[in-house]
Amino acid sequence: FKSGEWLKYKISYSGWLKAGEATMTLTNDTLDNRQFYHVVAIGKTVGPINWFFKVNDRYESYFDKTTLVPYKFIRNIDEGGHTKDIEIKFDQDNHKAYIHNKKHKKKSVVDTKPNIQDMVSTFYYLRNSINLSSLKPGDEIKLDMSFDGENYGFKLKYLGQEFIDTEFGKVNTLKFRPYVMAGRVFKEEESLTLWVSNDKNKIPLRIKADLAIGSLRADLDAFKGLKHQFNII
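Residues numbered from 1 in each chain as written. Predicted model: local features only at pLDDT ≥ 70, side-chain atom pairs only at ≥ 80, totals over all residues. Heavy atoms only, no water.

## Comments concerning the pairing of strand β11 (residues 169–178)
For β11, the buried fraction is high: seven of the ten residues fall into the buried class. Taking the residues between adjacent antiparallel strands as the criterion, strand β10 (residues 150–166) and β11 are bridged by two residues. Two strands pair when backbone bridges link them, and β11 and strand β12 (residues 192–197) are joined in this way by four bridges, in the antiparallel orientation. Following the sheet pairing, L174 is matched in β12 by V196. (Buried < 20%, exposed > 50% of the residue type's maximum accessible area, 1.4 Å probe, protein only. Helix = DSSP H or I, 4+ residues; strand = E, 2+ residues; numbered from the N terminus. Pairing = 2+ DSSP bridges.)

Written as structure tokens, this is what we have:
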């Protein structure tokens, strides 16, 4: 990837109801006199679903251009009236996370794992680190992720290659199974499926989630600023 990349997704509920849209914008930025990649990810509901459950989420991540580990993470969300406004700064050298809960006006410090990732930087780190030459169906990719100041072991299982039809034509993809926490939202740990372009970009083309009630699907709807040619069959 490179600065200037922009991805837009359309989100549908249970395969037919237009539910929302999301964008991810990657730029170069300066913070505390250091150069970083800066990602702004915005997700919101659209149409009739706004009448009973409105979502307006904004996530930001500043991560190192070489190591791809995060320096600062912002989570500002409003999901059906449930709000959070959290800012986290990571000290990767000393394995600390400095958390500022702006909504509740609280600050805290927690220990982190080495090379901890946040929810957004994980997306870019994995795109840059997947080694296709040694990847076989059934292989698992693991890393440590920080979620609201708590450490989680994130796991991604490779399922193999698959051709899918997209807005842009048929595309060869890599299919993955991210493991999630089963419970209130997801049916089970294996409720999420991810299709990534099998080219040098490795951009997510489709994400499908089986929920406790119904399902959600996100499909790439528009893009610009890709570093490499997007291979369409």
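## What to know about the pattern of salt bridges
Scanning all chains against the criterion turns up 14 salt bridges. For E5, the salt bridge goes to R127, with nearest N and O atoms at 2.8 Å. A residue pair is termed long-range when its members are at least 10 positions apart, and E5 in the segment before β1 (6–13) and R127 in helix α1 (residues 121–129) qualify at 122 residues. Take R127: its relative accessible area is 7%, and that puts it in the buried class. (Salt bridge = Lys/Arg side-chain N within 4 Å of Asp/Glu carboxyl O.)

## Side note on the nonpolar core
Counting 31 residues, the largest nonpolar core has F63 and Y124 as its most contacted members. When sequence neighbours within four positions are dropped, the list of residues in contact with Y124 reads F1, E5, M24, L26, V39, F63 and L68. Counting residues in each nonpolar core, the second largest holds 13 residues, with L143, L156, L174 and L194 among its members. (Core = buried A, V, L, I, M, F, W, Y, C linked by side-chain atoms within 4.5 Å. Contact = heavy atoms within 4.5 Å.)

## Considerations on unusual backbone geometry
Phi is positive for D32, which is not a glycine, with a value near 50°. You can see D32 is positioned in the loop between β2 (17–31) and β3 (34–45). A residue is classified by how much of its surface remains accessible, and D32, at 40% relative accessible area, is partly exposed. Even without being a glycine, K105 presents a positive backbone phi close to 55°. With respect to the helices and strands, the residue K105 is situated in the loop between β7 (96–101) and β8 (106–111). Residue K105 is classed as exposed on the basis of its relative accessible area of 75%.

## A look at the confidence of the model for the chain
Per-residue pLDDT for the chain has a mean of 89; in total, 94% of the residues score no lower than 70. Every residue in residues 181–188 is under pLDDT 50, and counting partners more than four places away or in other chains gives 19 contacts. (pLDDT = per-residue confidence, 0-100.)

## Digging into the environment of G214
One can find G214 in the loop between β13 (204–210) and β14 (215–224). With a relative accessible area of 34%, G214 lands in the partly exposed category. Each C-alpha atom of the pair G214 and I11 lies 13 Å from the other, and the pair is 203 residues apart in sequence. Sequence-distant contacts of G214, that is, excluding residues within four places in its chain, are made with Y13 and S14.

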